Amino acid sequence: MDAKRVRGGLLAAGAAFVAVLVVALLLFFVSGDEADLSYRSVDFDAQLQSNGDIRFTEHLDYQLKERENDDGDTKPWKQLYLTFKLRNQDLTNITDISVTNASTGEQYTQIAPQLPSDVSDSEWESEYAGHWYIADTTIGSNYPEPFDSATGGLDPNGSDNDKQIEIGWNIPATVKQSSLKFDVTMTFHNMGTQHSDVTNLMWEMFPEDNQVPAGKVTGTVRFPKGIGSDDSWAWLHTEATSQTSRDTDGTLHFTVSDLRTNQYVDLVAAFDNAGASGVERVRSGDYLDELKSTEANKEQQWRDGQRHKAQLTVAGWLVCLILGGLCCVLAIRGVVSSNREATYRGGIEYWRESPQVSPASAAHLIDVVDDSKGEQSSRAMTATVLALVVKKALAVYPGPADMYRGIDLSRANAADMARMISSDPSRASAASST
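Residues numbered from 1 in each chain as written. Predicted model: local features only at pLDDT ≥ 70, side-chain atom pairs only at ≥ 80, totals over all residues. Heavy atoms only, no water.

Novice: Any chance you could break down the overall build of the protein for me, citing the residues and the numbers?
Specialist: Within the protein one finds eight helices and 17 strands. Per-residue burial over the protein gives 35% buried out of 434 residues. Within the protein, contacts between residues separated by at least 24 positions form 72% of all contacts whose residues are at least 6 apart in sequence. When the accessible surface of the protein is totalled, it reaches about 25800 Å², and 52% of it is carbon and sulfur. (Helix = DSSP H or I, 4+ residues; strand = E, 2+ residues; numbered from the N terminus. Buried < 20%, exposed > 50% of the residue type's maximum accessible area, 1.4 Å probe, protein only. Contact = heavy atoms within 4.5 Å. Areas by Shrake-Rupley, 256 points an atom, 1.4 Å probe, with all protein chains shown as cover.)

Quick look at the structure:
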């Protein structure tokens, strides 16, 4: 077998196998998030209040990429914002808001909501940049209405319509920025519901329709004074990879890695009513056992989902390995088959075409390569006659021509001619001497 062919086939098989592995890596590990706006990191520092409120600060580290308008011009960044939904059953109001540019230390002040598209760049820089706003965007994000926390909140025991709230801050026009940090502090009201045994709450940190991916999300959540790990409970819900831990005083620490778009982060917590005071939303009956059962079922569903995902991952790798092995087998088989077909296995034969020259030319060629004796014209005539004889255009018989007078030579055969010559001594002598 040709070693060069085998080596080439093995290289082709290896290249095909590597290609299959690259495709597998792209399918399983490459993220599709290429958002212009993303969080490098988000850190929550939260304190649960005894009345069911949450006072917290979000430490946000943004990455802003360059973006374009529909006409292809560069569109600078002028606003950053967070959105929340007010509902009677959990979050009813947002107060005590403050925004600080952690990169520069600048404390932003409140202003009425304003769309950047309606303001010139110079007016934006002088009038609006460096301020924060809170707006009711229930109608739509392009129609922000001023929101007054003193009068716009919902009744925790009522049935008011939900409201979409946007808290944003106006920044100087920025084309792109690899790291831009802000600290946003606020209080969420009436997040807790008091039952006969515990007070529980559900905090939606990132909604299901989240469109801003985050490289890393961390958080520290402290329970009300007097509550420890024995009389408090916490569960973190997310589709991303996460870790949680708790201190002896009940403080929860969590880390979420590679949070992608359309992935949520929720915190469900509960603490003994010994640490609750002044909770406005009250429900009768015990709730802790039901909550534990619900969370256990959700955890089991999550584990089942993770197991199913792992099985699909393993199956995908096995398919890739099988395809890679098949490529190797087909490549080696092709090399062996090609090498076998290219090798001659019959007998050794010699064959060549008759030279495409006339007898006379051949006689002349002899004079060129060999200084032969005799005249060239004589050799050329002889060669021509012999060629015609071979082609059966002429017949040549021994002896002088008068020996054959009266004989039809077109019908003669060798045996008859031999008997005729041998029967006459004179003819035999003439034939042998001519």
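Novice: Outline the sheet that holds strand E10 (residues 177-189), supporting the account with residue identities and numerical values.
Specialist: Where strands meet in a sheet, backbone hydrogen bonds hold them as pairs that are either parallel or antiparallel. One open sheet holds the eight strands; their spatial order is E5-E4-E10-E2-E1-E13-E16-E15, and the pairing between them is mixed. Strands with a single pairing partner mark the edges of an open sheet, and in this sheet they are strand E5 (106-107) and strand E15 (241-246). Across seven bridges, strand E1 (residues 37-48) lies against strand E13 (residues 214-222) in parallel orientation. The residue bridging Asp-45 from the neighbouring strand is Thr-220, located in E13. (Pairing = 2+ DSSP bridges.)

Novice: Kindly report on the pairing of strand E14 (residues 232-238), identifying the contributing residues and their values.
Specialist: In terms of residue burial, E14 counts as a mostly covered element, since six of its seven residues are buried. Bridge analysis of E14 against strand E17 (residues 265-272) gives seven bridges, and the strand direction is antiparallel. In the strand pairing of E17, Thr-238 is matched with Val-265.

Novice: Got a sec to walk through the sheet that holds E17? Specific residues and values, please.
Specialist: The strand order E11-E12-E17-E14 describes an open sheet built from four strands, whose pairing is antiparallel. Strand pairing shows two members of the sheet lacking a second neighbour, strand E11 (192-194) and E14, which therefore form its edges. Strand-to-strand twist of the sheet, defined as the mean angle between neighbouring strand axes without regard to direction, takes the value 15 degrees. With three bridges connecting them, E11 and strand E12 (residues 198-206) associate as antiparallel partners. Across the sheet, Thr-193 pairs through a bridge with Asn-200, a residue of E12. Contacts from helix H4 (residues 288-342) reach E12, E14 and E17 within the one sheet, and its direction differs from that of E14 by about 30 degrees. (Axes fitted to C-alpha atoms, helices over the stretch in contact; angles between N-to-C directions.)

Novice: Please provide a residue-by-residue account of the packing of aromatic side chains, values included.
Specialist: For the structure on display, the rule yields 13 aromatic pairs. Arranged with centres 5.0 Å apart and planes meeting at 40 degrees, the rings of Tyr-39 and Tyr-62 form a pair that is tilted. Taken together, the residues Tyr-39 in strand E1 and Tyr-62 in strand E2 (residues 54-64) connect sequence positions 23 residues apart. Taken as a pair, Tyr-39 and Tyr-62 share a single burial class, namely buried. Ring geometry for Phe-84 versus Phe-188: centroids 5.1 Å apart, planes at 80 degrees, classification edge-to-face. Taken together, the residues Phe-84 in strand E3 (residues 77-86) and Phe-188 in strand E10 connect sequence positions 104 residues apart. (Phe/Tyr/Trp six-rings, centres within 6.5 Å; stacked < 30°, edge-to-face > 60°.)

Novice: Before we move on, could you go through the pattern of salt bridges and cite the residues and values that matter?
Specialist: Counted by the stated rule, this structure contains five salt bridges. Notably, a salt bridge pairs Lys-78 with Asp-121, separated by 2.5 Å at the nearest N-O pair. Of this pair, Lys-78 sits in strand E3 while Asp-121 sits in helix H2 (residues 121-128); the two residues are 43 residues apart in sequence, bridging distant segments of the chain. On the basis of relative accessible area, Lys-78 is assigned to the buried category, the value being 8%. Assessed through its relative accessible area of 47%, Asp-121 is described here as partly exposed. Where Asp-90 meets Arg-87, a salt bridge forms, and the shortest distance between an N and an O atom there is 2.9 Å. Note on Asp-90: relative accessible area 9%, which makes it buried. (Salt bridge = Lys/Arg side-chain N within 4 Å of Asp/Glu carboxyl O.)

Novice: Give a description of the confidence of the model for the protein that names residues and reports values.
Specialist: Confidence in the prediction for the protein averages 86 pLDDT; 88% of positions are at 70 or higher. Contacts from residues 28-32, a stretch scored under 50 in pLDDT, to residues over four places away or in other chains number seven contacts. (pLDDT = per-residue confidence, 0-100.)

Novice: Could you give an account of a nonpolar patch on the surface, naming the residues involved and the relevant values?
Specialist: A surface patch of nonpolar side chains, amounting to about 390 Å² of accessible area, comprises Val-314, Leu-318, Leu-321 and Ile-322. Along the polypeptide, Leu-321 turns up in helix H4. (Patch = residues over 30% accessible without salt bridge, like charges linked within 9 Å, V, L, I, M, F, W, Y side chains within 5 Å.)

Novice: Could you give an account of a negative patch on the surface, with specific residues and numbers?
Specialist: Taken together, the side chains of Glu-66, Glu-68, Asp-70, Asp-71 and Asp-73 make up a negatively charged region of the molecular surface. Looking at the element boundaries, Glu-68 is found in the loop between E2 and E3. The exposed category is assigned to Glu-68, whose relative accessible area is 58%. (Lys, Arg positive; Asp, Glu negative; His and termini not counted. Charge placed at Lys NZ, Arg CZ, Asp CG, Glu CD.)

Novice: Tell me what's going on with the side chain of Lys-78, and back it up with residues and numbers.
Specialist: Only 2.5 Å separates the side chain of Lys-78 from the side chain of Asp-121, close enough to count as a polar contact. Those residues in contact with Lys-78 that lie beyond four places of it in its chain are Pro-116, Val-119, Asp-121, Trp-124, Trp-169, Asn-170, Ile-171 and Ala-173. (Polar contact = N/O pair within 3.5 Å; in protein donor to acceptor, adjacent residues only side chain to side chain.)

Novice: Run through the environment of Thr-382, naming residues and quoting values.
Specialist: Positionally, Thr-382 belongs in helix H6 (residues 376-390). Along the backbone, Thr-382 and Ala-360 are 22 residues apart, and their C-alpha atoms lie at a distance of 8.6 Å.

Novice: Before we move on, can you summarise unusual backbone geometry with the specific residues and values?
Specialist: At Asp-96, a residue that is not glycine, the phi angle is positive and equals roughly 55 degrees. The phi dihedral of Asp-258 falls on the positive side, at around 55 degrees, and the residue is not glycine. Inspection of the secondary structure assignment puts Asp-258 in strand E16 (residues 252-259). Here Asp-258 falls in the partly exposed class, since its relative accessible area comes to 38%.

Novice: Give me the lowdown on the side chain of Asn-88, citing residues and values where you can.
Specialist: By the secondary structure assignment, Asn-88 is in the loop between E3 and strand E4 (93-101). Within polar-contact distance, the side chain of Asn-88 engages the backbone nitrogen of Asp-160 at 3.1 Å. Excluding its chain neighbours within four sequence positions, the residues that come into contact with Asn-88 are Leu-154, Asp-155, Pro-156, Gly-158, Ser-159, Asp-160 and Arg-281.

Novice: Which residues make up the nonpolar core, and what values go with them?
Specialist: Grouped together as the largest cluster of nonpolar side chains are 57 residues, with contacts concentrated most on Tyr-62, Ile-94, Trp-169, Met-186, Phe-188 and Trp-203. Membership of the second largest hydrophobic core comes to eight residues, among which are Val-198, Trp-235, Tyr-287 and Leu-291. (Core = buried A, V, L, I, M, F, W, Y, C linked by side-chain atoms within 4.5 Å.)

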